[in-house]
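Read off the chains here:
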Amino acid sequence: MTGAQMVVEALKREGVEVIFGYPGGAIIDIYDALYKSPEVHHVLVRHEQGAAHAADGFARSTGRVGVALATSGPGATNTVTGIATAYMDSIPIVVLTGQVPTKLIGNDAFQEVDITGITRPITKHNFLVKRVEDLPRIIKEAFYIARTGRPGPVLVDIPKDIQQAKGDFNYPDEIHLRSYNPTYEPHFKQIEKAYQLLEKAERPVFLIGGGVISSGASEEVRAIAERLNLPVTMTLMGLGGFPGEHDQSLGMLGMHGTYFANMAVANCDVLLAVGARFDDRVTGKVDAFAPNAKIIHIDIDPTSIQKNVKVDVPIVGDCKRSLERLLEVIKEVGKPKKYWKERYKEWWEQIDIWRKRYPLTYKEDPNYIKPQFVLEKLYELTKGEAIICTEVGQNQMWTAQYYKFKYPRTLISSGGLGTMGFGFPASIGAQMGNPGKLVIDIAGDGSIQMNIQELATAMDQRLPIKIIILNNGFLGMVRQWQELFYERRYSAVKFATIPDFVKIAEAYGAVGLRITKPQEVEPTLKKIISMDKLVILDVIISPEEGVFPMVPAGKATTEMILV
Amino acid sequence: MAERKCTLSVLVENTPGALARIAGLFSGRGFNIDSLCVAETLDPTLSHLTLVTHGDDFIIEQIIKQLRRLIDVYKVVDVTEEGDFVEREMALIKVRAEKEYRDEIYRICEIFRLKIVDVSPRTYVIEVTGDKNKLNAVIDLLRPIGIKEIVRTGLIAMKREKKTP
């Protein structure tokens, strides 16, 4: 068997049915092996960044490892943004790149680049394969490392001569990496300590992050929250980990979080944080973040604990496993639901006052479509059953605020890196992984232009993705910052040329629609949802709409600009 | 928080790229490496690395955790925290050795038990082994005579065993 055939065989053994890639000279042997293996469906993208994002969207929406394939040199470097995006959000993807033949490595050969060197800081781990007999084991390890512990991207760089070399295919049944042993089981003493803190709490808040989603812990989150009557707030990555429409949900916290979530966190006395890493967009000014709270922090990655905030009860372990254990303790102590209802009654009264004082809201305007309204309607019409991908910027924050995510893995969004151009290729991956589901990409007119070439990919695969462009003719989020903090010096936030997105859709053979009036929103959304085709809906929104509430960067989360 | 010096003893898989990963972790996260020594261990699949760095407790905790997070890193021990340890560094010092200085150099070598490992008509190369203080003391004494070149290895360290059974 050749190395290239080994790669394809290993993919099959890992249960990989779809991969996203773009061929080239240094990966051509693997493409040849794929040609003879129709079981692995290859999606030809139009740019390798699209392949990495699509693999990422596949992984986020299905919980399985996404796979991208690229050639050496420029092919490999084009995946870098996608890899960094997956790294920041702990998404399991495996990226396979071709490399120049072993003998030419280091000689500045044609299309050579040191991709393992380039991606070292943005991968969980990476490999350069030097012997064909190592190839099956390395691919097995790559998948294993990507999906276990704190998940993340792994890159395998495979020289052309290794792809061509022959060897025996020995696929290991199990992986033993002596230097890599993630801690899944939490320390039980710590779990008990956590419970004791909760028992003493007067004003607790339950904060959930992306770790809840990647470990599949949302059932446990819900069980604990309902039993103990805890208010629940979510990071962007945690949205969907607890139902957004639940009456105990406070929505998202942080820079564009709700007033009541930020007030609750600022005033809580115990913060139970699970699978969240206290990003600066969440904490604002760290000294003023939950200043009077004892913090319990559950995370599988010990590095996340104590990195940004001081923690009183650190718990290293799998989020699901840790919450299961906590639930056991709660049940064992056996205080009934009624007890906890009574116990936190005052706290909830306070939260309700905050909720009533500044609910999430916007001003309606008969002349303009409000983006918030579009998302509210979209939630209503899809009943929260759709997979929503977003680009980055205002479109992303409005989505996080106004679409109340019901289920885990229904929000696909670049949280940590904030990658413009992520949403659409990610929606391709999400749709490939969820064929019958409604997949919608919420975009801005800026972001969509960053990977618009992938329209061809989506058309190739006949994917009925709905792209909703919230078009304000601005790079809206930067404009908003310039408006608020740079005395309206609108530097480089208005494109002189904005393409006709309806015509672009048509040029690719998709459906293009445009709406400009509020009364068109509902009927048009209904229409596109029912269409079994790729649709671009260009929604012309009020150009100066902002995302509020907003916490200025570096300020305390209680110092919100409200509307 | 007060800064402290920290000597880490790190066992790492003897694979290409492992050292680059460690060095990259330091540069990428803005930590500083004061000294670094690497060599194979008794087990040729593992390398031992002595790394000297500094920072407050928070930074050092981060450094240790981040190191442990690397897939190739087998074990990290903060030898400065774990109590008693021995540390050694070696230096080769090329010193001017014209006739009038030779006696003086000889005396210094004898006091500090140093070895002269190369002799030329105008220079000696002296081997110094010891802790940092000894090395610095030798260098200070030889400096007025005229040091032409110094190469230092950086620190290696090992925990002392408990003296009571």
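Every residue gets a number counted from 1 within its own chain, in the order that chain's sequence is written. As a convention, the first chain written is A and the first ligand written is 1, with the rest following in written order. Two thresholds apply to this predicted model, a pLDDT of at least 70 for residue-level local features and 80 or more for giving and counting side-chain atom pairs, whereas whole-chain, interface and lining totals are computed over all residues. Note that the side-chain values use all heavy atoms of the structure and ignore hydrogens as well as water.

Some words on unusual backbone geometry
All names here are of chain A. The cut-off we apply is this: Each helix is a run of DSSP H or I of at least 4 residues and each strand a run of E of at least 2, with the numbering of both proceeding from the N terminus. When a residue's accessible area, from a 1.4 Å probe over protein chains only, is under 20% of the maximum for its type it is buried; when over 50% it is exposed; and in between it is partly exposed.
At the junction of Phe548 and Pro549, the peptide bond is cis and its omega measures out at 0° in the coordinates. Here Pro549 lies in the segment after strand E18 (535–540). With phi around 70°, Gln306 is a residue other than glycine that occupies positive phi space. On the accessibility criterion, Gln306 (21% relative accessible area) is partly exposed. At Arg462, a residue that is not glycine, the phi angle is positive and equals roughly 55°.

Describing the sheet that holds strand E4 (residues 93–99) of chain A
Residues and elements named next belong to chain A. What counts is decided by this rule: By this definition, two strands are paired if DSSP reports at least two bridges between them. Fitted lines through C-alpha atoms give the axes, limited to the stretch in contact for helices. The angle between two N-to-C directions lies from 0 to 180 degrees. Any two residues whose heavy atoms approach within 4.5 Å are treated as being in contact.
Strand order in this open sheet of 6 strands is E2-E1-E3-E4-E6-E5, and the pairing throughout is parallel. Each edge of the open sheet carries a strand with a single partner, namely strand E2 (41–44) and strand E5 (125–128). Each adjacent strand pair in this sheet contributes to an overall mean axis angle of 20°, direction not counted. Looking at chain direction, E4 and strand E6 (residues 154–159) are connected through 6 bridges and run parallel. Within E6, the residue paired with Val95 across the bridge is Leu155. Where helix H2 (residues 28–35) meets the sheet, its contacts fall on strand E1 (18–21), E2, strand E3 (66–70) and E6, and the angle it forms with E3 comes to roughly 125°.

Description of the nonpolar core
Selection criterion: Put simply, a nonpolar core is a bunch of buried Ala, Val, Leu, Ile, Met, Phe, Trp, Tyr and Cys residues held in one set by side-chain atoms that sit within 4.5 Å of each other.
Counting 98 residues, the largest nonpolar core has Phe206(A), Leu271(A) and Ile468(A) as its most contacted members. Not counting the four nearest positions on each side in its chain, Ile468(A) is found in contact with Val374(A), Leu378(A), Ile440(A), Asp441(A), Ile442(A), Ala443(A), Leu525(A), Ile528(A), Leu537(A) and Val539(A).

Some details on the domain arrangement of chain B
Many descriptions give the size of an interface as the accessible area lost when the pieces come together. Residues and elements named next belong to chain B. Stated precisely, the cut-off is as follows: Here the limits of each domain have been adopted from an automatic or database domain assignment. Take the accessible area each of two parts loses on contact, using a 1.4 Å probe, and add the two losses: that sum is the buried area. Any carboxyl oxygen of Asp or Glu within 4 Å of a side-chain nitrogen of Lys or Arg constitutes a salt bridge here. Here a polar contact is taken to be a pair of N or O atoms separated by no more than 3.5 Å, where protein atoms must pair a possible hydrogen donor with a possible acceptor and residues adjacent in sequence count only if both atoms sit in side chains. Note on residue classes: Ala, Val, Leu, Ile, Met, Phe, Trp, Tyr, Cys and Pro are nonpolar, Asp, Glu, Lys and Arg are charged, and everything else, Gly too, is polar.
With domains assigned, chain B is organised as domain 1 (4–82) and domain 2 (87–159). One C-alpha centre belongs to domain 1, the other to domain 2; they are set 29 Å apart. Between domain 1 and domain 2, the residue contacts involve 9 residues of the former and 7 residues of the latter. Each partner contributes to the roughly 660 Å² buried at the junction of domain 1 and domain 2, and carbon and sulfur atoms together form 60% of this total. It is Cys37, Thr50 and Val79 that lose the most area in domain 1 upon contact with domain 2, and together they represent 46% of the buried surface on that side. Counting across the interface, domain 1 meets domain 2 through 0 salt bridges. Between the two partners, domain 1 and domain 2, sit 1 residue pair in polar contact (both at pLDDT 80 or more). Every element with two or more residues in the side of domain 1 that touches domain 2 is listed here: strand E1 (4–13), strand E2 (33–40) and strand E3 (46–55). With 3 residues, the top contributor of residues to the side of domain 1 that touches domain 2 is E2. Broken down by class, the residue content of the side of domain 1 that touches domain 2 amounts to 4 nonpolar, 3 polar and 2 charged.

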